[in-house]
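# Understanding the architecture of this molecule
In case you want the letters, here they are:
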Protein chains: 2
Amino acid sequence: MNALILAAHGSRKALSNDEVMNLADKLSDVSKESYPIVAGAFLELAEPSIEDAIANCINLGANKVVVLPYFLNSGRHAAEDIPNIVNAAKQQYPQVEFVVAPHLGSSEKMLDLLVAAAGTALN
Amino acid sequence: MNALILAAHGSRKALSNDEVMNLADKLSDVSKESYPIVAGAFLELAEPSIEDAIANCINLGANKVVVLPYFLNSGRHAAEDIPNIVNAAKQQYPQVEFVVAPHLGSSEKMLDLLVAAAGTALN
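Everything in this summary refers to the structure shown in the same document. (Residues numbered from 1 in each chain as written. Chains lettered and ligands numbered in written order. Predicted model: local features only at pLDDT ≥ 70, side-chain atom pairs only at ≥ 80, totals over all residues. Heavy atoms only, no water.)

## Focus on the interface of chain B and chain A
Heads up, the condition is: Whether two residues are in contact is decided by their heavy atoms: any pair within 4.5 Å suffices. Summed over both partners, buried area is the accessible surface (1.4 Å probe) that two parts give up on being assembled. The term salt bridge refers to a pairing of a side-chain nitrogen on Lys or Arg with a carboxyl oxygen on Asp or Glu at a separation within 4 Å. Whenever a nitrogen or oxygen atom comes within 3.5 Å of another N or O atom, the pair is scored as a polar contact, on the condition that within protein one atom can donate a hydrogen and the other can accept it, and that pairs from neighbouring residues in sequence are kept only if both atoms are in side chains. In this text, helices come from DSSP runs of H or I with a minimum length of four residues, and strands from runs of E with a minimum of two, each type numbered from the N-terminal end. Following the grouping adopted for this structure description, the nonpolar residues are Ala, Val, Leu, Ile, Met, Phe, Trp, Tyr, Cys and Pro, the charged ones are Asp, Glu, Lys and Arg, and the polar ones are all others, Gly among them.
Contacts between the two partners involve 44 residues from chain B and, on the opposite side, 42 residues from chain A. Surface buried jointly by chain B and chain A totals about 3400 Å² across both partners, of which 73% is contributed by carbon and sulfur atoms. Of all residues in chain B, the largest losses of buried area upon contact with chain A belong to Leu72, Leu113 and Leu122 of chain B, amounting jointly to 18% of the total for that side. Across the contact surface, chain B and chain A share zero salt bridges. Counting across the chain B and chain A interface gives eight residue pairs in polar contact (both at pLDDT 80 or more). Looking at the side of chain B that touches chain A, the elements with two or more residues in it are strand E1 (2–8), helix H1 (14–30), strand E3 (64–69), helix H3 (76–92) and helix H4 (109–120) of chain B. In terms of residue count, H4 of chain B provides more of the side of chain B that touches chain A than any other element does, ten residues in total. Grouping the amino acids of the side of chain B that touches chain A by side-chain chemistry returns 26 nonpolar, ten polar and eight charged.

The structure is reproduced here in structure tokens:
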């Protein structure tokens, strides 16, 4: 069973964290076939941590965990911190397959999203 | 003439800033009809500043400047800092129309982007 973790930075503003959790909920609604389990998680400043989310997914029966960094650029958090957390999880749960997806900013669809946002601003 | 400013946070890592400028270049390539001028800019830690980018767009002939916050959540930067910069620019350039677009994380297409990224991770 596949699990997807939307891994955001985390903010001191509850509203920002709520946005991530709401997005994870919507993602869950539309991804049930591919990902029966979808969770939001935070690198710092908010709960649940990515580690806790991984443990929870595995408790729920996941044998493949995809971590999707909700980051726009390839800074330290997306390039090092999240892969480090996932590498530690691989040691802890050798029976589980882990994938770290590319950070969002590298998505080919990001340009489409920007074009749409720029177009909306002119209306 | 419309100008579009892709306004990112800015990073100490040159690679992250380069990603933003490259994205602005691609955006320019595909948006020439709506936006003859497209520029990348940074709130802090990198150049050009948003203020400088606004001045440059106006020097190039823009009479409408859309600032698109390249931020995933509605934290202080997207909700306060960028609108404050744009409000100051409105005072400085009363002949120019300014629009602050919603931050990217609020885009309806963000869910599509996440679904695509999550799907790619399973391939």
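Next comes the rest of the write-up.
## Structural notes on the sheet that holds strand E1 (residues 2–8) of chain A
Residue and element names in this part refer to chain A. Which entries qualify depends on this criterion: Paired strands, in this sense, are two strands between which DSSP finds at least two bridges. Fitted lines through C-alpha atoms give the axes, limited to the stretch in contact for helices. The angle between two N-to-C directions lies from 0 to 180 degrees.
One open sheet holds the four strands; their spatial order is E2-E1-E3-E4, and the pairing between them is parallel. On the outer flanks of this sheet lie strand E2 (37–42) and strand E4 (97–100), each paired with one strand and no other. When the angles between neighbouring strand axes are averaged without regard to direction, this sheet yields 20°. In this structure, E1 lies alongside strand E3 (residues 64–69), joined through six bridges in parallel fashion. When the bridges of E3 are listed, leucine 6 appears paired with leucine 68.

## So, the packing of helix H4 (residues 109–120) of chain A against H4 of chain B
Put simply, the rule is: The scheme is simple: roughly parallel for angles under 35 degrees, roughly antiparallel for over 145, roughly perpendicular for 65 to 115, oblique for anything else.
Axis separation between H4 of chain A and H4 of chain B bottoms out at 10 Å; the angle between their running directions is 175°. The orientation of H4 of chain A relative to H4 of chain B falls into the category roughly antiparallel. Contact with H4 of chain A, carried on its side by Lys109, Met110, Leu113 and Ala116 of chain A, involves Lys109, Met110, Asp112, Leu113 and Ala116 of chain B of H4 of chain B and no other residues of that element.

## Thoughts on the sheet that holds strand E2 (residues 37–42) of chain B
Residues and elements named next belong to chain B. Pairing is parallel in the open sheet, where four strands are placed in the order E2-E1-E3-E4. At either end of the open sheet lies a strand with only one pairing partner, and these are E2 and strand E4 (97–100). In this sheet, neighbouring strand axes are inclined to one another by 20° on average, regardless of whether the strands run parallel or antiparallel. Sheet topology note: the E3/E4 ladder contains four bridges and is parallel. Bridge pairing in E4 links valine 67 to valine 100. Against the sheet, H1 makes contact with E1 and E2, and its axis sits at roughly 165° relative to E2, the strand it touches most. Strands E1, E2, E3 and E4 of the sheet are contacted by helix H2 (residues 50–59), whose axis makes an angle of about 165° with E2.

## Concerning the relation of the copies chain B and chain A
What connects the two chain copies is a rotation about an axis and a shift along it. Where we set the bar: Superposing copies: least-squares fit, C-alpha atoms only, residues required to have pLDDT of at least 70 in both.
Once chain B has been moved 0.0 Å along the axis and rotated by 180°, it coincides with chain A to within an RMSD of 0.0 Å. The operation mapping one copy onto its partner corresponds to a two-fold rotation axis. Most of the interface of chain B is mirrored in chain A: 95% of its interface residues are interface residues there too.

## Regarding the side chain of histidine 103 of chain A
Take histidine 103 of chain A: it is sitting in the loop between E4 and H4. Only 3.5 Å separates the side chain of histidine 103 of chain A from the backbone nitrogen of serine 74 of chain A, close enough to count as a polar contact. Not counting chain neighbours up to four residues away, the residues in contact with histidine 103 of chain A comprise Pro69, Phe71, Leu72, Asn73, Ser74 and Ala78 of chain A together with Glu19 of chain B.

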